[in-house]
Amino acid sequence: MSERITDPKAASWYEASARARLDGLLDAGSFREFIGPEQRRMSPHLPLFDLPRAFDDGMIVGAGRLDGKPVLAAAQEGRFMGGAFGEVHGAKLVGLLRAALVSTPAAVLILFDTGGVRLQEANAGETAIAEVMRAITEVRAAGVPVIGLIGGRAGAYGGGGLIAATCSRLAVSEGGRISVSGPEVIETNKGAEEFDSRDRALVWRTMGGKHRRLTGGADAFADDTVAAFRQAALALMARAPAFDLATLEAEQARLEERLARFGACRDGTEIWARLGVNDPAAVPGMTTAEFDALLANLGETTHDAR
């Protein structure tokens, strides 16, 4: 029996591991990992809590090519501690971004899959978030776009959501979610009356990929395949905005307008209706093609307010 060959680009982004995503996203054989698992740069803190460690600390960083263009890429492994940021995890991403200032690649790609900061490494994790955000602004100021791709099991929560907001452009899929506070965190602090974390439909209407794309929190909506994210990354690299005062002032104005227009809405469907969606209840069940057609008809979903 011959060995079955699978195409990594056809794989589900949501189901794939971080390494499988990189394998299908970048040109075949082009990825060169920095600080790989053979170096065993593991968290020094997790043994204090009798927790297992990963040889790469759940963060894969390196250089490769995307359609022939040189890029730097980082991928979080959501299956290890929910992709949470710790000292080593964050330092690898900061180092990659600083390397971009020297090598000036066509783009830096960040494959988000994170629940935020590790509670066991809270101070180090929070510091890492701040350092990553500063590094992204420096890279963007140097003219290198930073493209975030979000479609994994853990989404982009907590500090990961903040980092995503500093990227030049974001692509998200149906499975992707972006938020600073997760559903369980909101419910714990405000009660189920404020936000019922068990209401999965509510979670996706509030934090899911379609909602973020409709409201400007993401710039592209991709099908749940590695190939679709590859195409989205290429398209977003080609239209990354300048990182200057004019861009920041325009984003601030859009945020103020969005708050004035939607601030009183209690559900995502109310926002979609105000955007001009004729049948808001149908949005969650739309295929990617149907959703793309909706975006084209609305005509006001291309903006940079996060």
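It should be emphasised that the depicted structure is a prediction, and the values quoted were computed from it without experimental measurement.

1. With respect to the nonpolar core
(1) Moving on: Judged by nonpolar contacts, the single largest core of 44 residues is most densely connected at Val 108 and Leu 214.
(2) Moving on: By size, the runner-up hydrophobic cluster in this structure holds 26 residues, among which are Leu 22, Ala 75, Phe 229 and Leu 234.

2. A few points about the packing of aromatic side chains
The description of two aromatic rings rests on the distance between their centres and on the angle between their planes.
(1) Moving on: Under the definition given, this model contains two aromatic pairs.
(2) Moving on: With centroids separated by 4.2 Å and ring planes inclined at 25°, the aromatic side chains of Trp 13 and Phe 229 adopt a geometry described as stacked. Residue Trp 13 is found in the segment before α1 (18–25), and its partner Phe 229 is found in helix α8 (residues 226–238); the two are separated by 216 residues along the sequence.
(3) Moving on: By relative accessible area, Phe 229 is classed as buried at 0%.
(4) Moving on: Between Lys 210 and the ring centre of Phe 291, over which it is positioned, the NZ or CZ distance is 5.8 Å.

3. Section: helix α3 (residues 122–141)
(1) Moving on: Here α3 spans 29 Å end to end across 20 residues, near enough to the 28 Å set by a 1.5 Å rise per residue.
(2) Moving on: Listing the buried residues of α3 in full gives Gly 125, Ala 128, Ile 129, Val 132, Ala 135, Ile 136, Val 139 and Arg 140. Seen along its axis, α3 keeps its buried residues to an arc of 135°; they face one direction. Along α3, exposed side chains directed more than 90 degrees from the buried face belong to Asn 123, Glu 126, Arg 134 and Ala 141.
(3) Moving on: Close packing links the buried residues of α3 with α2 (87–103), β4 (107–112), β5 (146–150) and α4 (159–166).
(4) Moving on: The first or second residue beyond α3 is Gly 143, which carries a positive phi of 95°.

4. Focus on the sheet that holds β4
Note: strands within a sheet are paired through backbone hydrogen bonds, in either parallel or antiparallel orientation.
(1) Moving on: Taken together, seven strands build an open sheet; the order of strands is β1-β2-β3-β4-β5-β7-β9 and the sheet is mixed. The sheet terminates laterally at β1 (32–34) and β9 (220–222), the two strands that pair on one side only. For this sheet, the mean inter-axis angle between neighbouring strands, taken without regard to orientation, is 25°.
(2) Moving on: Bridging between strand β3 (residues 69–76) and β4 involves five bridges; their strand directions are parallel. Looking across to β4, one finds that Ala 74 is bridged to Ile 110.
(3) Moving on: Contacting β1, β2 (59–66), β3 and β4, α2 runs over the sheet at an angle of about 170° to β3.

What counts, and at which threshold
- Residues numbered from 1 in each chain as written.
- Predicted model: local features only at pLDDT ≥ 70, side-chain atom pairs only at ≥ 80, totals over all residues.
- Heavy atoms only, no water.
- Core = buried A, V, L, I, M, F, W, Y, C linked by side-chain atoms within 4.5 Å.
- Buried < 20%, exposed > 50% of the residue type's maximum accessible area, 1.4 Å probe, protein only.
- Phe/Tyr/Trp six-rings, centres within 6.5 Å; stacked < 30°, edge-to-face > 60°.
- Helix = DSSP H or I, 4+ residues; strand = E, 2+ residues; numbered from the N terminus.
- Lys NZ or Arg CZ within 6 Å of the ring centre and 35° of its normal.
- Expected span 1.5 Å × (residues − 1).
- Arc of directions from axis to C-beta.
- Contact = heavy atoms within 4.5 Å.
- Pairing = 2+ DSSP bridges.
- Axes fitted to C-alpha atoms, helices over the stretch in contact; angles between N-to-C directions.

Treat this as a map of the structure, not an account of what it does.
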